[in-house]
Amino acid sequence: MSSRVNAKEIASGAVLLILAAVGFWINLGYPLGTASRMGPGYMPQIAFLTLGILGTGVLVSGFRGAPGRLENWAWRELVLILAAFAIFGALLEDIGMAVAIIALVVISGLADRTQTLKGLAGLAVVLLVICWLVFAWGLQIRVPFFPPFLNNL
């Protein structure tokens with residue numbers, strides 16, 4: 001590659017575009033609906049479109065920006081963050097949003113070696129309050145917030 005391109009931005013843009021393309025492909029089986037009557041594929045389609053636009057912007061800026069090399073990837077951090085999202089999704093319906101959020105914060109917090117337990121606890125509390133206000137109280141989404149054994153107390 002030429003020394004006038006930023007390989008890190010080009011690689012990042014390419015990854016974003018690949019993720020957007022895979023998302024579009026997965027989303028093809030869901031009805032979109034309209035803006036006034038959204039189907040299950042409507043919001044994901046908007047998200048993948050936005051991701052594709054951002055990926056294109058990052059890719060183009062890699063050819064126009066300051067030169068930069070592609071460095072080693074932070075594999076440990078990448079795996080921990082992806083695992084945190086997967087575990088959140090697996091726990092959400094069966095264990096409840098509160099436990100899923102705490103697991104998400106703790107596992108993704110392990111990716112940052114400078115993070116303290118106090119900081120993770122504060123983040124978990126703030127996210128719990130925000131998610132309860134937005135999803136449970138505001139939107140009234142029927143996902144259990146607490147684990148099933150706490151609902152009977």
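Before any of the text, the structure's been laid out above.
Residues numbered from 1 in each chain as written. Predicted model: local features only at pLDDT ≥ 70, side-chain atom pairs only at ≥ 80, totals over all residues. Heavy atoms only, no water.

**Student:** Is there a simple way to think about the overall build of the protein in this case?
**Tutor:** The helix and strand inventory of the protein stands at 6 helices and 0 strands. When the elements of the protein are put in sequence order from the N terminus, they spell out α-α-α-α-α-α. On C-alpha atoms alone, the protein measures out to a radius of gyration of 19 Å, which is more than a quarter above the 15 Å that the 2.2 N^0.38 rule sets for 153 residues. In terms of principal-axis extent, the alpha carbons of the protein reach across some 65 × 45 × 20 Å. Expressed as a percentage of the 153 residues in the protein, the buried residues total 22%. Intrachain contacts of the protein at a sequence separation of at least 6 include 64% that bridge at least 24 residues. For the protein, the accessible surface area stands at approximately 10,800 Å², while carbon and sulfur atoms represent 72% of it. (Helix = DSSP H or I, 4+ residues; strand = E, 2+ residues; numbered from the N terminus. Rg over C-alpha atoms; globule rule 2.2 N^0.38 Å. Buried < 20%, exposed > 50% of the residue type's maximum accessible area, 1.4 Å probe, protein only. Contact = heavy atoms within 4.5 Å. Areas by Shrake-Rupley, 256 points an atom, 1.4 Å probe, with all protein chains shown as cover.)

**Student:** Where do I start with helix H4 (residues 97–109) in this structure?
**Tutor:** Quick reminder: α-helices carry 3.6 residues per turn. Residues three or four places apart thus point the same way. The end-to-end C-alpha distance of H4, which contains 13 residues, comes to 18 Å, matching closely the 18 Å that a straight helix rising 1.5 Å per residue would cover. Of the positions making up H4, those classed as buried are Met 97, Ala 98, Ala 100, Ile 101, Ala 103, Leu 104, Val 105, Ile 107 and Gly 109. The elements touched by buried residues of H4 are helix H3 (75–95) and helix H5 (117–138). (Expected span 1.5 Å × (residues − 1).)

**Student:** Help me out: how do you make sense of unusual backbone geometry in this one?
**Tutor:** One can expect most non-glycine residues to show negative phi and most peptide bonds to be in trans. Here Gln 140, not a glycine, exhibits a phi torsion of approximately 50 degrees, which is positive. With respect to the element layout, Gln 140 can be found in the loop between H5 and helix H6 (148–151). Residue class for Gln 140 comes out partly exposed when judged on its relative accessible area of 48%.

**Student:** Just checking my understanding: could you explain the packing of aromatic side chains for this structure?
**Tutor:** Tallied over the entire structure, the rule returns 2 aromatic pairs. Seen in terms of ring centroids, Phe 145 and Phe 146 are 5.1 Å apart; in terms of plane orientation they differ by 85 degrees. Their pairing is edge-to-face. (Phe/Tyr/Trp six-rings, centres within 6.5 Å; stacked < 30°, edge-to-face > 60°.)

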